Amino acid sequence: MRGLTRAGKRASEMAFNAGGGTINWFPGHMAAASRAIRDRLKLADLVIEVRDARIPLSSANEDLQPVLAAKRRILALNKKDLANPNIMNMWVDHFQSCKQDCISLNAHSSNSINQLLGLVELKLREAILKEPTLLVMVVGVPNVGKSALINSIHRIANSRFPVNDKIKRATVGPLPGVTQDIAGYKIASQPSIYVLDTPGVLVPSIPDMETGLKLALTGAVKDSVVGEERIAKYLLSLLNIRKTPLHWGRLLRRREEFDGEPDDSCEKGSSGSLRRRRRFNNSDALYVQDLVIEVQRTLCSTAMEFTGNLDEDNELESLIDSQLVALRKVFRISHKPLDESHGPASKKLLTLFRSGKLGPFILDDLPDQH
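Values in this document were obtained by computation on a predicted structure and should not be read as measured data.

A. A look at the overall build of the protein chain. A count of helical and extended segments in the protein chain gives 14 helices and six strands. The buried share of the protein chain, taken over its 370 residues, is 51%. Considering only contacts within the protein chain whose residues lie at least 6 apart along the sequence, 73% involve residues at least 24 apart. Surface exposure of the protein chain reaches about 17,800 Å², of which carbon and sulfur atoms provide 50%.

B. Quick peek at the packing of helix H10 (residues 228-241) against helix H13 (residues 313-330). Between H10 and H13, the shortest axis-to-axis distance is 10 Å and the interhelical angle comes to 115°. Of the possible angle classes, the one that applies to H10 and H13 is roughly perpendicular. As H10 packs across H13, the resulting crossing turns out to be right-handed. Residues Lys 233, Leu 236, Ser 237, Asn 240 and Ile 241 of H10 form the contact with H13, whose own contacting residues are Leu 316, Glu 317, Leu 319, Ile 320, Asp 321, Gln 323 and Leu 324. Among the residues making up the contact of H10 with H13, the classes are represented as six nonpolar, three polar and three charged.

C. Seen up close, helix H5 (residues 110-123). When the terminal C-alpha atoms of H5 are compared, their 20 Å separation across 14 residues agrees well with the 20 Å that a helix rising 1.5 Å per residue should span. Regarding H5, the residues found buried are Ser 112, Ile 113, Leu 116, Leu 117, Leu 119 and Val 120. Looking down the long axis of H5, one finds its buried residues gathered within 160° of arc, a one-sided arrangement. Those residues of H5 that are buried lie in contact with strand E1 (46-52), strand E2 (73-78), strand E3 (102-104), strand E4 (133-139) and helix H7 (146-160).

D. Molecular detail of the packing of aromatic side chains. Applying the stated criterion across every chain yields a total of two aromatic pairs. Note on Phe 353 and Phe 361: the rings are 5.5 Å apart at their centroids and 45° apart in plane angle, and the pair reads as tilted. Take Phe 353 and Phe 361: they sit in the same class, and that class is buried.

E. View of the layout of surface pockets. Approximately 580 Å³ is the volume found for the second largest pocket. Around the second largest pocket, the lining is made up of 27 residues, and of these His 247, Trp 248, Leu 358, Pro 360 and Phe 361 lie nearest the centre. Mapped by element, the contributors of at least two residues to the lining of the second largest pocket are helix H4 (85-97), helix H11 (244-258) and helix H12 (284-305). In terms of residue count, H11 provides more of the lining of the second largest pocket than any other element does, six residues in total. Class assignment of the residues belonging to the lining of the second largest pocket gives a composition of 14 nonpolar, seven polar and six charged.

F. Spotlight on the side chain of Arg 54. Counting through the fold element by element, Arg 54 comes out in the loop between E1 and helix H3 (65-69). Within the structure, Arg 54 has its side chain in polar contact with the backbone oxygen of Thr 218 (distance 3.4 Å). Among all residues touching Arg 54, those that are not within four sequence positions of it are Lys 79, Leu 82, Ala 83, Thr 218, Phe 353, Arg 354, Phe 361, Ile 362, Leu 363 and Asp 364.

G. Quick look at the pattern of salt bridges. What the rule picks out here adds up to 11 salt bridges. Lys 214 is the salt-bridge partner of Asp 364, the closest N and O atoms lying 2.8 Å from each other. Here Asp 364 is found in the segment after helix H14 (343-354), whereas its partner Lys 214 is found in helix H8 (residues 209-217), with 150 residues between them in sequence. Each of the two residues, Asp 364 as well as Lys 214, counts as buried. In this structure, the salt-bridge partner of Glu 294 is Arg 297, at a minimum N-O distance of 3.2 Å. Linking Glu 294 with Arg 297, this pair stays in helix H12, spanning three residues, or about one helical turn. For Glu 294, a relative accessible area of 3% corresponds to the buried category.

H. Representation of the confidence of the model for the protein chain. Averaged over all residues, the pLDDT of the protein chain is 81; the fraction at 70 or higher stands at 75%. For the protein chain, helix H1 (residues 2-12) is the element with the lowest average pLDDT, namely 64, and E3 is the one with the highest, namely 98. Low pLDDT, under 50, characterises residues 1-5; the predicted model gives this stretch nine contacts beyond four residues in sequence or across chains. Low confidence marks residues 269-281, where pLDDT is under 50. Its contacts with residues over four positions away, or in another chain, come to 36 contacts.

I. Structural view of the pairing of E2. With respect to burial, E2 is a largely interior element, six of its six residues being buried. Side-chain alternation along E2 places Arg 73, Leu 75 and Leu 77 on one buried face and Ile 74, Ala 76 and Asn 78 on a second face that is also buried. Relative to E2, E1 runs parallel, the two being bridged by six bridges. Each bridged residue has a counterpart across the sheet, and for Arg 51 the counterpart in E2 is Leu 77. Pairing geometry for E2 and E3, over three bridges, is parallel. Looking at E3, one finds that Ala 76 is bridged to Ile 103. Of the crossover connections in this fold, the one passing from E2 over H4 to the parallel E3 is right-handed.

J. Examining unusual backbone geometry more closely. The phi torsion at Lys 99 lies on the positive side, around 60°, for a residue other than glycine. As for its position among the elements, Lys 99 is in the loop between H4 and E3. The phi dihedral of Lys 243 is positive, around 60°, even though this residue is not glycine. Mapping Lys 243 onto the fold places it in the loop between H10 and H11.

Here is what the cut-offs are and how they apply
Each residue is numbered by its place in its chain's sequence as written, counting from 1. Reporting of local features is limited, given that this is a predicted model, to residues whose pLDDT is at least 70; pairs of side-chain atoms are given and counted only at 80 or more, and all residues count toward the totals for whole chains, interfaces and linings. Hydrogens and water molecules were not included; the side-chain quantities draw on all heavy atoms of the structure. Secondary structure elements are defined from DSSP: runs of H or I of at least 4 residues count as helices, runs of E of at least 2 residues count as strands, and each element is numbered from the N terminus. Only protein chains enter the accessibility calculation, which uses a 1.4 Å probe; a residue whose area is less than 20% of its type maximum is buried, one above 50% is exposed, and one in between is partly exposed. Only heavy atoms enter the contact rule, under which two residues are in contact if any of them lie within 4.5 Å. The protein chains shown are the only cover counted for residues, whose accessible areas, like all others here, come from Shrake-Rupley with a 1.4 Å probe. A fitted line through C-alpha atoms represents every axis, and for helices the fit uses only the stretch in contact; the resulting angles, taken between N-to-C directions, go from 0 to 180 degrees. Oblique is the label for every angle not falling under 35 degrees (roughly parallel), over 145 degrees (roughly antiparallel), or within 65 to 115 degrees (roughly perpendicular). Crossing handedness follows the turn of the near helix against the far one: under a right angle anticlockwise gives a left-handed crossing, and clockwise gives a right-handed one. Each residue gets one label: Ala, Val, Leu, Ile, Met, Phe, Trp, Tyr, Cys and Pro are nonpolar, Asp, Glu, Lys and Arg are charged, and the others, such as Gly, are polar. Expected span of a helix: the number of residues minus one, times 1.5 Å. Relevant arc is that of directions from the helix axis to the C-beta atoms, nothing else. In this analysis, rings of Phe, Tyr and Trp, with Trp reduced to its six-membered ring, are considered paired at centre separations within 6.5 Å, and the interplanar angle assigns stacked below 30 degrees, edge-to-face beyond 60, and tilted for intermediate values. Put simply, the grid is 1 Å and covers the protein atoms alone, a cavity is a trapped set of points that fit a 1.4 Å probe, a pocket is an open set with protein on both sides within 12 Å along at least five of seven lines, and lining residues have an atom within 4 Å of a point. Grid points are joined across faces, edges and corners, and a volume is the space filled by probe spheres set on the points. Under this definition, polar contacts are N or O atom pairs within 3.5 Å; protein pairs additionally need one hydrogen-donor-capable and one acceptor-capable atom, and for neighbouring residues in sequence, both atoms have to be side-chain atoms. The term salt bridge refers to a side-chain nitrogen of Lys or Arg lying within 4 Å of a carboxyl oxygen of Asp or Glu. Confidence of the predictor in every single residue is expressed as pLDDT, which spans 0 to 100. Note: two strands are recorded as paired if DSSP finds a minimum of 2 bridges between them. With strands facing away from the observer, any crossover in which the path from the first strand over the helix to the second runs clockwise is taken as right-handed.

Put into structure tokens, the structure is as follows:
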């Protein structure tokens, strides 16, 4: 685990992050929303703090932690389908050992939401005996899935309870921070339980570049704030420092040997790293699967063929540049003379990572692991 901690810190300190200027991580509307959330928190009987399962610590709102710690609170680690399941279980155990109720979930899974609602009712059992109306508040940084979670709670609660009140659904959008109005609706009767949706609030001053880049990589910060190429280079830094492409190469060899097609395309010095072993299937799902394999094979072969010292930052950056050039061919991006930008390839690589196609990852490291 300590090696991975160094990997994240080193990747955030690479030269491509130098000279980029101060990043304004905190949009103005979110500052106003943060003040409104503090007022609403005083009324909340229970808080569901949604975090991204891939960054259980980096996606916390540190500014609100003292306030949240004083409330009934459930940590909901969302997008568990994109996180390494073994390490995810260790994170849940860690939070529970700190006397913090925690559940990992997928906001689009009915099973996950039913488990969450069961925990909510358990946590509110004492309050249910005293109060006729209870408020549950959902908070978190942008793009951790708060609105998707609330809409799923609504669908399940509406089928479970006869709810006659007009319900306002949370507005879900594809960009971080899109839910800009605080909205509430009734999810249960006897007693009445209302869920309030809030805009995501990112901590005003991110403590370090590493935290900011993790948030950008997982989509909690708009790409335009940091730049897609910068984020993609950070991702490739992490992968190469962790030697993930070499691991992919071993998995590809095992898979293709099992299929009776021995693959040497990731062997050092192989010249066949970029050739497609079969034509891309016309089916969208199989096309993406083939594309992912080709991306993994390309990153593996470029890493194997690289003769520099990856402990030197400038040489690691040279490898990353060569990988982005190689990915242009994989993504079928036409290369124009004098065009040194990696924007299109970066965008496609980030899309594969964020959708989980490159595999499950957890970028944060468990505390106190020595």
